[in-house]
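The residues making up each chain are set out below.
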Amino acid sequence: MITGEAARIKHLLRRAAFGCRSAEWAQYASLGEQGTLKALVDYDGISVKIPDLPTDSFGGLVAPNDTDSLKRYWLFRFCETTRPLEEVMTMFWHHHFATSDYKVQNASIEYRQNQLLRKYAMGNFRELLGAIAIDPAMLIWLDGNNSTKKSPNENFSRELLELFTMGIDGGYTEHDVKEGAKSFTGWSYDSDRFKVKFNQKNFNEESKEYFGKSGKFNLDQSLDIVVRHPSTAKFISTKLFEFFVHDDPPREEVERLSKIYFSSKYSIRELVRGILTSPHFYSDEALYSRVKWPVQFSVMLVKTLDVPYTWIQDMQGYTDNMGQQLFNPPNVKGWKTGRNWINTNTMTARLNFAKHSVDQLRYRQLVKDRVTAGLAMSHIKADSSFKTADSAIDDVWDWLLPSVKMQPETRQQLKDYMHTNAPKKPTQSFYWDRASGLVELIVTSPEYQLA
Amino acid sequence: MSFVAMGIGMPTLFMEAANAQSTKALTALGSQGVPSDKILVLVEFGGGNDGLNTVVPHMDPAYQKLRPKIGIRKQDVVQIDANLGLHPRLKPLMELYDKGHLGVVTGVGYPNPNYSHFESMDIWQLADPTHQFKERVGWVARYFNEDGHLKTNPLSGLTLSGNIPLAFSSEDIAASVYTQGQEDPFASNNKNDKEYQSRLAARRAIYSQGTVANSHLDFIRKVGQHAYTNTAEIRNALTSYDKKANKAAQYPQYNELARSLESVAKLIVGGLSTRVYYVSIGGFDTHADQPGQHANLLGGIANSIVAFFKDLESQGRDKDVVLMSFSEFGRRAEENDSSGTDHGTASVMFVVGGSIKGGVHGQYPSLTDLKDGDLKYTTDFRRVYANVLDKWLASDSEKVLGGRFEHLGLV
C-alpha cells in the first residue's frame, strides 16, 4: 500500500494526469488526496483555456491533409490543459476505438473524432458507442460507408464485438457478426457535405437474429443489446482497470466494477472513479508497474521539468519514434502496450527526447534558476568541496521518481558523475552542467520509463 | 528474488571497437555445422491478403462467378501454368519465376480458421493453431532458443517494421528494431566535450548494472544496452556496405516495403550477424474498393522484391537469402457489394531466393467445395515453416513447431 498523502497524490497524477507542473503541484498538494481526485475526475466545472482548432462552415480544417499538425495540437493540449484526465481518457478511447490516418486520410474528420472522444471521454458509454458508430472517420475506417442492404459489410460489426464491447471470448458467434452487420446498414458519410446521413432505402429491414433475440433491429437496437451484455461490462471494466492499475485485475474487482457499469447506467466517470478510489489502485503491486506510454512519457517529462511546449520543437517526431503515432495507431486494436513499448528503437527515441528536453533547460539562460539551478544547485553550491552532492542526488531523485528506491549502484554512479573532472574552483557554468546532468541521468534511467 | 549481475557479464557496452570482430565471430558460429550465412527475410502482408486475386485460378469458371466485379480478367493475368496466373501487377516477378527463384505456395492455411486479424496473426506468428504451447513465444524465437548462439545475440532477429513482432518475442529478447536516422543516446561524436563524455559514461554504467531478474526494469536495462551495442554494429555494417554500394537495383520510390528491403540488403551485404529479418507492409484489409488498392500494393511488392534480389545478386549474396511472405488470412471467395472482400481463410505465400526450388507448390483449393463461403486450405502453413527451418536454417522443425510437418520441396 502506498502511504503518505503526497506519495499517493503523485501516484494518482502519474496515472491519471501524466504528471503535473510545479505550480500545479502546489495546488494539488493543498487540495489533498480527496480534493485532487475530485478535481481530476469531476472536471466539468474547470474551464479550459485551449481553443478548438478553427474549421470552415463545413467542418474542414485549415490544413485538411496535415495529420502531423493535429498531433502537435493534441500534444500541446496534453501539456497545457487544466483538465488532464480529460485528455488521458480521450487517449484511452482513441486507443480503444483505434481509427487510423493511413486509411481515413483526412485530418478534418480525424479531428472531429478526437473532439467526439473528448466530449464523451468520461460520459455515458452507450452514448459514446452510438456516436462513434456513425462517426465519419469510423464509417470510413471500418467500411460502414460502403455497406449495403444486400451485402452488409462485416468489418464494423466484427470489431464492435471483438474489440469495442465484448472481447474475443465474450461469447458472440460468426452468426452474430453477420446478423449485426445488417442492422448497421443505411448509414453513410457524405464527404462533399461533411455530413453523416441515414438512408432508409439502404437499410436492411429484414428480421435479424442477434444474440438469441429476433427483430428488425436497427443500429440503436443492436447497440442496446450489446451494451447490456455482461461480457461488455466485464471487458470495459477490465480494460480500464488494466490501463490505470495493473495487468492482473482480480475477479472480484472486475465483478465490482461491472456492477458499477450497470448501476450507473454505463457511466464512464463512475467506473473511473471506482478504479481510482480502489485499494488496488494504491497497492504495492500497482506502484511503478506500468511501462509509460510514449505520450505519457513525453508529456510527463515536459510538465515535470516545466519545459515550455514551444521549446520542444519536435515532440511529435519523438513520440512517433517511441512507437505512438497519435491519429495513426497500427491497427483497429490500438497500440501494443506494456513491454511492447520497449525495444531498441523506441528506447533510443525515449532517451533522445529526455536528453533533448533537459538540453533545452540547460541552454536557455531564462530557466537557469528554475530546474537545473534550483533544487539541485542549492545543494551542490552549499559546499564547493562537493560533500553535499549526495543530498542533491537524493532530492532530485525524489522529485523525479518519488517512492522509487534508488539502487546502491545507481547512487554510486550518480555520485561518481557529480565528482568526475570537478575543477578545483568550479565555475557557475560547471554547476549548471552538473545539475542538469543529474536531471538528465535520472530522466534517462530505466526507472523513469515506468509510472 | 534473483539478481543478475550484468556489470561484469556485459563488457561489450564498453567495447565499441571490438564490435566489428564480435560480429564476425557470431557469424562464424552457426549451429550444427551449417553455413551460418543463410538468411531468412520474413515479409508480412498485414490485413489479410486476397490470395484469389494474387494467384488467380483464371481457367476455373467458378472464379468469374464468385468475382464478377473485382475478378481479374482471363486476358489480363500473367500465366504461370495451365490453370494459374499472377495478378497483372505482379508481372515483374516473372523475371524471378522464369529463373526458378520464385516459389508460389497455394491454398495455405490452418485448421479451424480464425477470422479475427489479431487472433489469426498470432496463430501465424506463434505457429500454433491448436494452442499447444503454454508460453507465448514466437516461432522464430523458439528457433533462436534452439540455438545457443542465436539465443544470446540481440541481433539474431532484426525487424524494420517498428515493433518486435510476436514471431520474435520471448523472454530472452534475441531481437532488435532498426529504423534509420536516429541519434545514438549512448555514443558521442563530440570527443572533446568532457561533460558530455561524463554523462555517457554514467548512463552506460547505470544501464549495465544488475537488477531484479525478469522485472520490467531488467527488461528495460537489457534493451537499453542492446540499443547501444546494436547501433555500433549496424553502423559498422552500413559503413562496409557503402563501399560496395550498387546502383543497378531500382527500388520503387515512396514505397514502405522497398525502403525496408533496401536497408535489409545493405545490412546483409555489410555483414550484420542477423539471421532472420522481418519487414511488413499493410493495407490488405480490402473490405471495399479492392481493385485499385490491391493492384497498387502488389505492384509495389513485385518491384521491391525484384530490386532486392538484383541488389543482392550484384553483391554476390542472392543465393544466401530466402524471402518468405505471409498474411494472417485470405479473403472470402465471393466478393461483397462494396467491390471488396471480407475476411476469409486460405491464401498464398511467396518463397523467393537464388537457392530455392521455384514453381507452384501445393494444391489450389476448390472454388466449388467451400465451407461457409470460404476456401478449404490444402497446405498447413507449418509445412512451409518446417521446410525452411530444416533445410534452410538447419534447425530441427519438430522441436520448434512441436510436431512433424511434411516438407514441400521448396528448399
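Attention in this report is confined to the structure presented alongside it. Nothing here was measured: the structure is a model prediction, and the numbers come from that model. (Residues numbered from 1 in each chain as written. Chains lettered and ligands numbered in written order. Predicted model: local features only at pLDDT ≥ 70, side-chain atom pairs only at ≥ 80, totals over all residues. Heavy atoms only, no water.)

The subject of this paragraph is the overall build of chain B. Along the backbone of chain B there are 13 helices and 14 strands. Looking at the 411 residues of chain B, the share that counts as buried comes to 61%. Summarising the internal contacts of chain B: among those between residues at least 6 apart in sequence, 73% fall at separations of at least 24. Just so you have it, chain B exposes about 15,800 Å², and 50% of that area is on carbon and sulfur atoms. (Helix = DSSP H or I, 4+ residues; strand = E, 2+ residues; numbered from the N terminus. Buried < 20%, exposed > 50% of the residue type's maximum accessible area, 1.4 Å probe, protein only. Contact = heavy atoms within 4.5 Å. Areas by Shrake-Rupley, 256 points an atom, 1.4 Å probe, with all protein chains shown as cover.)

Moving on, we come to the overall build of chain A. When helices and strands are tallied, chain A shows 21 helices and four strands. Relative to the globule expectation of 22 Å for 451 residues, the C-alpha radius of gyration of chain A, 24 Å, shows essentially globular dimensions. In terms of its C-alpha atoms, chain A occupies a principal-axis envelope of roughly 85 × 50 × 40 Å. By residue count, 61% of the 451 residues in chain A fall in the buried class. The contacts of chain A with a sequence gap of at least 6 include a subset with a gap of at least 24, amounting to 73%. About 17,400 Å² of surface is accessible on chain A, with carbon and sulfur atoms providing 51% of the total. Taking the average place of the 57 positive charges on the side chains of chain A and the average place of its 55 negative ones, the gap between the two points comes to 2 Å. (Rg over C-alpha atoms; globule rule 2.2 N^0.38 Å. Lys, Arg positive; Asp, Glu negative; His and termini not counted. Charge placed at Lys NZ, Arg CZ, Asp CG, Glu CD.)

On to the packing of helix H21 (residues 428-443) of chain A against helix H8 (residues 194-208) of chain B. Running from amino to carboxyl end, H21(A) crosses H8(B) at an angle of 25°, the nearest separation of the two axes being 11 Å. By the angle class used here, H21(A) and H8(B) are roughly parallel. In this structure, H21(A) crosses over H8(B), and the sense of that crossing is right-handed. Note on element contacts: H8(B) touches H21(A) through B:Glu195, B:Ser198, B:Arg199, B:Ala202, B:Arg203 and B:Ile206, opposite A:Asp433, A:Arg434, A:Ser436, A:Gly437, A:Glu440 and A:Leu441. Looking at the contact of H21(A) with H8(B) residue by residue, the class counts come to three nonpolar, three polar and six charged. (Axes fitted to C-alpha atoms, helices over the stretch in contact; angles between N-to-C directions. Parallel < 35°, antiparallel > 145°, perpendicular 65-115°, else oblique. Left-handed = near helix turned anticlockwise from the far one by under 90°. Nonpolar A, V, L, I, M, F, W, Y, C, P; charged D, E, K, R; others polar.)

The subject of this paragraph is the side chain of A:Gln113. Position of A:Gln113 relative to the elements: it lies in helix H6 (residues 107-119). Non-local contacts of A:Gln113, meaning those with residues more than four positions away in its chain, are made with A:Phe97, A:Thr99, A:Ile132, A:Asp135, A:Ala137 and A:Met138.

The next subject is the packing of aromatic side chains. The final tally for this structure, using the stated rule, is 39 aromatic pairs over all chains. For the ring pair A:Phe198 and A:Phe203, a centre distance of 5.8 Å and an interplane angle of 55° mean the geometry is tilted. On the basis of an interplanar angle of 20° and a centroid distance of 5.9 Å, the ring pair of B:Trp124 and B:Phe326 is categorised as stacked. Remark: B:Phe326 occurs in strand S11 (residues 321-327) and B:Trp124 occurs in helix H5 (residues 117-126); sequence separation between them is 202 residues. Neither B:Trp124 nor B:Phe326 differs from the other in exposure class; each is buried. Here the basic side chain of A:Arg8 rests over the ring of A:Tyr282, its NZ or CZ set 4.0 Å away from the ring centre. Positioned above the aromatic ring of A:Tyr417 is the side chain of A:Arg434, whose terminal nitrogen or guanidinium carbon lies 4.8 Å from the ring centre. (Phe/Tyr/Trp six-rings, centres within 6.5 Å; stacked < 30°, edge-to-face > 60°. Lys NZ or Arg CZ within 6 Å of the ring centre and 35° of its normal.)

If you look at the biggest cluster of nonpolar residues, it comprises 144 residues, and the most contacted ones within it are A:Leu85, A:Met89, A:Trp93, A:Phe125 and A:Phe244. Per-element tally for this core: the top contributor is helix H17 (residues 344-363) of chain A, with seven residues. Residues within four places of A:Phe244 in sequence aside, it is in contact with A:Arg15, A:Ala16, A:Leu85, A:Val88, A:Met89, A:Val272, A:Ile275, A:Leu276 and A:Phe281. Formed by 65 residues, the second largest nonpolar core is a distinct cluster that contains B:Leu272, B:Phe284, B:Leu312 and B:Phe350. (Core = buried A, V, L, I, M, F, W, Y, C linked by side-chain atoms within 4.5 Å.)

Quick look at the pattern of salt bridges now. In the structure shown here, the tally under the stated rule is 50 salt bridges over all chains. A salt bridge links A:Arg411 to A:Asp394; the shortest N-O distance between them is 2.6 Å. Of the two residues, A:Arg411 sits in helix H20 (residues 408-419) while A:Asp394 sits in helix H19 (residues 389-400), which places them 17 residues apart along the sequence. A:Arg411 gets classed as partly exposed once you look at its relative accessible area, which sits at 29%. Of the residues examined, A:Asp394 reaches a relative accessible area of 28% and is grouped as partly exposed. Here A:Glu440 ties to B:Arg203 by a salt bridge, and the two come within 3.2 Å at their closest N and O atoms. Note that A:Glu440 is positioned in helix H21 and B:Arg203 in helix H8, a pairing that runs across two chains. In terms of burial, A:Glu440 and B:Arg203 fall into one category: buried. Each of A:Lys38, A:Asp42, A:Asp44, A:Arg269, A:Glu270 and A:Arg273 takes part in one network of salt bridges that share partners. (Salt bridge = Lys/Arg side-chain N within 4 Å of Asp/Glu carboxyl O.)

This part takes up helix H14 (residues 268-276) of chain A. All names here are of chain A. Among the nine residues that make up H14, seven are buried, leaving the element largely enclosed by the rest of the structure. For H14, every residue scored as buried is listed here: Ile268, Arg269, Leu271, Val272, Gly274, Ile275 and Leu276. At the N-terminal end of H14, a side-chain oxygen is found 3.4 Å from the backbone nitrogen of Arg269, two or three residues along, and the residue is Ser267. (Polar contact = N/O pair within 3.5 Å; in protein donor to acceptor, adjacent residues only side chain to side chain.)

All names here are of chain B. Here three strands make up an open sheet; going across it, the order is S3-S5-S4 and the pairing antiparallel. The sheet terminates laterally at strand S3 (55-56) and strand S4 (78-79), the two strands that pair on one side only. One ladder, built from two bridges, connects S4 with strand S5 (residues 85-86); its direction is antiparallel. Bridge pairing in S5 links Val78 to Leu86. (Pairing = 2+ DSSP bridges.)

The next subject is the interface of chain A and chain B. Contact residues are listed per partner, giving 57 residues for chain A and 53 residues for chain B. Across the chain A/chain B interface, buried area totals approximately 4,800 Å², and carbon plus sulfur atoms make up 52% of it. For the chain A face of the interface with chain B, the top three residues by lost area are A:Arg339, A:Thr344 and A:Pro446, together amounting to 15%. The interface formed by chain A and chain B includes six salt bridges. Taken together, chain A and chain B are joined by 23 residue pairs in polar contact (both at pLDDT 80 or more). Where the side of chain A that touches chain B is concerned, the elements lending two or more residues are helix H9 (155-165), helix H10 (174-183), H17, H20 and H21 of chain A. Examining the composition of the side of chain A that touches chain B, we find that 10 residues originate from one element, H17(A), more than from any other. For the side of chain A that touches chain B, the class distribution of residues is 13 nonpolar, 25 polar and 19 charged. (Buried area = accessible area lost by both parts, 1.4 Å probe.)

Interpretation note: all reported values are geometric properties and have no functional meaning in isolation.
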